[in-house]
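# Structure at a glance
Each chain, letter by letter, is given below.
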Amino acid sequence: MNKVEIKDGVYWVGAIDWNLRDFHGYATPGGTTYNAYIVKDSKVALVDTVKAGFFDELRSRVEAITDPGDIDYVIVNHVEPDHTGSLPRVMDAAPNATMIATEKGAEELPMYYDCDGWNIRTVKTGDTISLGEKTLSFVETPMLHWPDNMVTYIPEDRLLLSNDAFGQHIAESKRYADEVPEILDEAAIYYANILMPFSPLITKTLQKIGEMGLEIDMIAPSHGMIWRDSGVSDILNAYRRWSSGESNDTAIIVYDTMWGSTEKMALAIAQGIIDAGFEVKVYHLRKSEWSTIIREILEAKIILVGSPTINNGMFPSVGGFLTYLRGLRPKGKVGFAFGSYGWAGGAVKAITGELEKTGVRVVDSISVKFVPGVDDLAACAKLAGKVVDAAEMQER
Ligand code: FEO
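Let me sum up the structure you'll find in this document. Bear in mind that the values here come from a model prediction, so they are computed numbers and not experimental data.

Cut-offs and rules
- Residues numbered from 1 in each chain as written.
- Predicted model: local features only at pLDDT ≥ 70, side-chain atom pairs only at ≥ 80, totals over all residues.
- Heavy atoms only, no water.
- 1 Å grid on protein atoms, 1.4 Å probe; cavity = no way out; pocket = protein on both sides within 12 Å on 5 of 7 lines; lining within 4 Å.
- Points joined across faces, edges and corners; volume = space filled by probe spheres on them.
- Helix = DSSP H or I, 4+ residues; strand = E, 2+ residues; numbered from the N terminus.
- Buried < 20%, exposed > 50% of the residue type's maximum accessible area, 1.4 Å probe, protein only.
- Arc of directions from axis to C-beta.
- Contact = heavy atoms within 4.5 Å.
- Nonpolar A, V, L, I, M, F, W, Y, C, P; charged D, E, K, R; others polar.
- Domains from an automatic or database assignment.
- Phe/Tyr/Trp six-rings, centres within 6.5 Å; stacked < 30°, edge-to-face > 60°.
- Lys NZ or Arg CZ within 6 Å of the ring centre and 35° of its normal.

Scanning the model with the defined rule gives three cavities of 30 Å³ or more in all. Each pocket or cavity is described by its volume, and for the largest cavity that value is around 140 Å³. Every residue lining the largest cavity is counted, 13 residues in all, and those nearest its centre are Thr-141, Leu-144, Ala-165, Phe-166 and Thr-205. Residue contributions to the lining of the largest cavity peak at four residues, all from helix 6 (residues 199-211).

So this is what it looks like as structure tokens:
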């Protein structure tokens, strides 16, 4: 097995999960990787490990570089099992290693693993470990996205080992972001579905990293491709943009439909959005991946949600999506609810309530009995113009 050296003495030793299609509910049609890194100096550190079931791949890659028994430090940047599932086998193979984690990480580890016999040392921001010529420097990043998170920085290599941050769920034989087309889009899907709720913290963390004066010319996350050269500023700028809530003149319409009435409304609204000068994307919730829709919402100004009434409420697909959206806490969106009903409504009112709880500024709503006529569809288009006006006013 060839070594994958990303800097002098720093090696990628991760695993490729070609067949992962669902990461706790987030669709991953392109698989993922669990990236781990060996830093080899007078002392040897393993930074992060891999999901349970991928230990043998990790071990083979480590053995191409060093005897696993020679590992002095195992750095646990984050306790979530996709990065620690193989820790028990790693510690069996590296019995002399000292494990390094934040205080929160050390609290969480015994909840997942039998830590008897593990030498766990805690670190906080600013703490360092010398490996010889190289230094491991730690920066806590709590709630990005668990309480335990930290990143590891190697100043001599200007290398940031960022764990989940700046990652993407994609399985590739390539290792660098600039070798994979549309990689920023993959990073956006990942940000939207995992990190969006923590956007204010991400803004502060980016500021903190700036204030600490960390010089970075490579970012090696624990999922997906490694950012180097101009890719570093590309991903840092994208994170600044996403975390600040910067948005495009785009509306996202999501809906479900029973006999086509709500769909007719969705399409009339879409045309109204186009006529008002915004771009629009339309998604039937039972035919589209929610994670893709969430990525589009990340950078859109407007979100419009439609459902027919069923059993006095909204369709379960719409309810499920709104629950997911609410947890992700998108910022600065404008929107409204729409839908058809038969003898009694309920869906539009329920959607409006959910949008408000999500923090969407709701400008109006529209309901149609049974089948929309020409006037109803004109009213849908008119409401589309109203929400575009509201989005433009909000910008000023
Ligand atoms: Fe990739 Fe939060 O685990």
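Next, the rest of the story.
What follows covers helix 4 (residues 103-112). Those residues of helix 4 that fall on the buried side of the exposure criterion are Gly-105, Glu-108 and Leu-109. Angularly, the buried residues of helix 4 cover 115 degrees about the axis, an arc narrow enough to put them on a single face. Turned more than 90 degrees away from the buried face of helix 4, the exposed residues are Glu-103 and Met-111. In this structure, the buried residues of helix 4 make contact with helix 3 (87-93), strand 10 (98-101) and strand 11 (119-122).

Another aspect to go through is the layout of surface pockets. The probe, sized like a water molecule, is rolled over the atoms to show the empty space still left. If you add up the space inside the largest pocket, you get close to 280 Å³. If you go around the largest pocket, you meet 16 residues; those closest to its centre are Met-258, Thr-309, Tyr-341, Gly-342 and Trp-343. For the lining of the largest pocket, a count of residues per class yields nine nonpolar, seven polar and no charged. Put simply, the parts of the chain that give the lining of the second largest pocket at least two residues each are helix 5 (183-195) and helix 10 (316-328). Looking at side-chain class alone, the lining of the second largest pocket contains eight nonpolar, five polar and three charged residues. Split by domain, the residues of the lining of the second largest pocket number at least three in each of domain 1 (5-244) and domain 2 (248-390).

Our next topic: the packing of aromatic side chains. One pass over the structure, following the stated rule, counts 11 aromatic pairs. Aromatic side chains Phe-166 and Tyr-239 sit 4.4 Å apart centroid to centroid with 45 degrees between the ring planes, which places their arrangement in the tilted category. Taken as a pair, Phe-166 in the loop between strand 15 (159-163) and helix 5 and Tyr-239 in helix 7 (residues 230-244) lie far apart in primary sequence, 73 residues in all. Overall, Phe-166 belongs to the buried group, its relative accessible area being 5%. In this structure an aromatic cluster arises from ring pairing among Tyr-112, Tyr-113, Trp-118 and Trp-146. The ring centre of Trp-12 lies 4.1 Å from the NZ or CZ of Arg-175, which sits over that ring. Here Arg-228 stacks its cationic end above the ring of Tyr-176, 3.7 Å away from the centre of that ring.

That is the geometry; function is a separate question.
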